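Residue-level structure breakdown
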Amino acid sequence: MAGLLSGLSKLGLENLEGMELYGTPKEKDVPEVKEEDFLFDKTYECPVCYQTFKSKTVRSSKARLIRTDKDLRPVYQDIDPLKYDVAVCNCCGYAVLSKNFGGLTPTQIKSVRENISVNFKSFDRNESVYSYEEALDRHKLCLANTIV
């Protein structure tokens, strides 16, 4: 099939016969989305050791829900908020889901100190986001605190 500009060679313009009429479409410059863009450091005061600590938290205004899986797990675009659900005190090992933070009884505080804090080794953190492995460890520590 001949192009619209075919036949220009007989006019001496053979170099223009293969020219693109509309040019190649340019790709839009889409900025790279980073997980750090969705996070901020939230400050907590530990009810067990009374130290302040920071925990990564997802900005709720930035997370966009795509769908809910059959098991009711929410799926978000560009970030997995479940990785950041647990707040952990690196001093004593107290861990709890962020939405349930605070409000411990003296008996619960004593139990955490005796069963968690005495043997707790803090997380070594160098990165600005949590890996899935670290998030899993944080959830396990939260479960251990809940059981204690």
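As the structure is a computational prediction, the values presented were derived from the model and not from experiment.

1. Overview of the overall build of the chain
For the chain, the helix and strand inventory stands at two helices and six strands. Seen in sequence order, the chain has helices and strands lined up from the N terminus as β-β-β-β-β-β-α-α. Within the chain, counting contacts between residues at least 6 apart in sequence, those at least 24 apart form 52% of the total. Total accessible area on the chain is roughly 10900 Å²; 51% of this is exposed by carbon and sulfur atoms.

2. Some details on the pairing of strand 4 (residues 74–77)
Of the strand pairs in this sheet, strand 3 (residues 64–68) and strand 4 are connected by four bridges, and their pairing is antiparallel. Note on strand 4: the bridge partner recorded for R64 is Q77. Between strand 3 and strand 4, which follow one another and run antiparallel, lie five residues, and L72 among them has a positive phi close to 70 degrees.

3. Thoughts on the packing of aromatic side chains
One pass over the full model with this rule turns up five aromatic pairs. An aromatic cluster is defined as three or more aromatic residues linked by ring pairs; in this entry it consists of Y44, F53, Y94 and F101. The ring of Y132 has K83 lying over it, and the distance from NZ or CZ to the ring centre is 4.6 Å.

4. Structural notes on the nonpolar core
Core analysis: the largest hydrophobic core is formed by 19 residues, its most contacted members being C46, V48, V88, Y94 and L141. Mapped by element, the contributors of at least two residues to this core are strand 5 (86–88), strand 6 (95–97), helix 1 (106–117) and helix 2 (132–147). Ignoring any residue separated from it by four or fewer positions in sequence, one finds V88 in contact with F53, S55, Y94, A95, F120, F123, R138 and L141. Membership of the second largest hydrophobic core comes to eight residues, among which are F38, I79, Y84 and Y130.

5. Details of the pattern of salt bridges
Using the criterion set out here, one finds five salt bridges in the structure. Close ionic contact of K83 with E35 constitutes a salt bridge, the shortest N to O distance being 3.0 Å. Here E35 lies in the segment before strand 1 (39–45) and K83 lies in the loop between strand 4 and strand 5, a separation of 48 residues in the sequence. With a relative accessible area of 7%, K83 lands in the buried category. The partly exposed category is assigned to E35, whose relative accessible area is 21%.

6. Brief notes about unusual backbone geometry
Even without being a glycine, Y50 presents a positive backbone phi close to 65 degrees. Its identity as a non-glycine residue notwithstanding, L72 has a phi of 70 degrees, on the positive side. Within the secondary structure, L72 sits in the loop between strand 3 and strand 4. The class of L72 is exposed, set by a relative accessible area of 68%.

7. Some details on a nonpolar patch on the surface
Taken together, the side chains of L11, L13 and L16 make up a nonpolar region of the molecular surface, amounting to roughly 260 Å² of accessible area. Structurally, L11 is set in the segment before strand 1.

About the criteria used
- Residues numbered from 1 in each chain as written.
- Predicted model: local features only at pLDDT ≥ 70, side-chain atom pairs only at ≥ 80, totals over all residues.
- Heavy atoms only, no water.
- Helix = DSSP H or I, 4+ residues; strand = E, 2+ residues; numbered from the N terminus.
- Contact = heavy atoms within 4.5 Å.
- Areas by Shrake-Rupley, 256 points an atom, 1.4 Å probe, with all protein chains shown as cover.
- Pairing = 2+ DSSP bridges.
- Phe/Tyr/Trp six-rings, centres within 6.5 Å; stacked < 30°, edge-to-face > 60°.
- Lys NZ or Arg CZ within 6 Å of the ring centre and 35° of its normal.
- Core = buried A, V, L, I, M, F, W, Y, C linked by side-chain atoms within 4.5 Å.
- Buried < 20%, exposed > 50% of the residue type's maximum accessible area, 1.4 Å probe, protein only.
- Salt bridge = Lys/Arg side-chain N within 4 Å of Asp/Glu carboxyl O.
- Patch = residues over 30% accessible without salt bridge, like charges linked within 9 Å, V, L, I, M, F, W, Y side chains within 5 Å.

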